[in-house]
Amino acid sequence: MQLDRLVHFHKAVGDVTRIRIIALLQNCPLHGQALAGKLGVTPPTITHHMTKLREADLVYERRDKNTIYFYLNEKSLTQQAQAILKVGKASSAAEDKQEAAARKAAIQDNFFNRDGTLKHLPAQRKKKLIVLERLVKGLEPHRKYTEKEINEYIRQYHEDYATIRREFIMNHFMYRENDIYELNPPELWDKSPS
């Protein structure tokens, strides 16, 4: 739902008379004269408020001969009332994702040189997993690698290929059988806690 529509909805219901109109229409449809009588206001006042509620898609009208009856659009009311909770969750999730990406980038900047080589493997597990994930990004899924090929691949980034190769296996980035290595699907990789 567009944010401006959500703001328009809250402005529309941000009036005591309009809230009372919504409460009355919840029970049954009413015409303007009946609403004016129940609320103790003039018919032009009802017309003004009904225009605001109609613009916010909270009421609709039906004509019965010469009388216009106003109905509460309950579906729209419910959707718009709940939309603010979704906006909060969506923006919160987006912010969390941005913060996580920024933390990940900062960790990578700390442990990798400008040329892409690894300075050293972090001791902290959370940081180590981020570094290992970056290292395996260059490997092809579904391709089988010999131990020699994996060693040469790792050596591009760091001289201690044996430790990094072992970390790939221990943290489920790769699978090894009979000295043949294969990249696991990302769903199986150990993930750093957020």
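Rules used in this analysis
Residues numbered from 1 in each chain as written. Predicted model: local features only at pLDDT ≥ 70, side-chain atom pairs only at ≥ 80, totals over all residues. Heavy atoms only, no water. Helix = DSSP H or I, 4+ residues; strand = E, 2+ residues; numbered from the N terminus. Rg over C-alpha atoms; globule rule 2.2 N^0.38 Å. Buried < 20%, exposed > 50% of the residue type's maximum accessible area, 1.4 Å probe, protein only. Contact = heavy atoms within 4.5 Å. Lys, Arg positive; Asp, Glu negative; His and termini not counted. Charge placed at Lys NZ, Arg CZ, Asp CG, Glu CD. Core = buried A, V, L, I, M, F, W, Y, C linked by side-chain atoms within 4.5 Å. Pairing = 2+ DSSP bridges.

Caption draft 1: Molecular detail of the overall build of the protein chain. In terms of helices and strands, the protein chain carries eight helices and six strands. In the protein chain, the order of α-helices and β-strands from amino to carboxyl end is α-α-β-α-α-β-β-α-α-β-α-α-β-β. Relative to the 2.2 N^0.38 estimate, which gives 16 Å for 194 residues, the radius of gyration of the protein chain is 31 Å and therefore markedly larger than a compact globule would have. Its C-alpha atoms give the protein chain principal-axis dimensions of roughly 90 × 30 × 25 Å. When burial is assessed residue by residue, the protein chain has 32% of its 194 residues classed as buried. Put simply, 50% of the contacts in the protein chain that link residues at least 6 apart link residues at least 24 apart. The distance from the centre of the 32 positive side-chain charges to the centre of the 25 negative ones in the protein chain is 7 Å.

Caption draft 2: Spotlight on the nonpolar core. Counting residues in each nonpolar core, the largest one holds 22 residues, and the members touching the most others are L135, L139, F168, F173 and M174. Of all the secondary structure elements, the ones that give two or more residues to this core are α5 (74–111), α6 (125–136), α7 (147–155), α8 (161–170) and β6 (180–183). In terms of residue count, α6 provides more of this core than any other element does, six residues in total. Leaving out residues up to four positions away in the same chain, F173 has contacts with L129, L132, E133, V136, F168, E182, L183, N184, W189 and D190. By size, the runner-up hydrophobic cluster in this structure holds 19 residues, among which are F9, L53, A56 and L72.

Caption draft 3: Layout of unusual backbone geometry. Phi is positive for H142, which is not a glycine, with a value near 70 degrees. Accessibility expressed as a relative area gives 70% for H142, which makes it exposed. We note that N178 has phi near 55 degrees; this positive angle belongs to a residue other than glycine. Locating N178 in the fold gives a position in the loop between β5 (174–177) and β6.

Caption draft 4: Fine view of the pairing of β5. Bridge count between β5 and β6: four bridges; the pairing is antiparallel. The residue bridging E177 from the neighbouring strand is I180, located in β6. Once β5 ends, the chain turns through two residues before running back antiparallel as β6, passing N178 with a positive phi of about 55 degrees.

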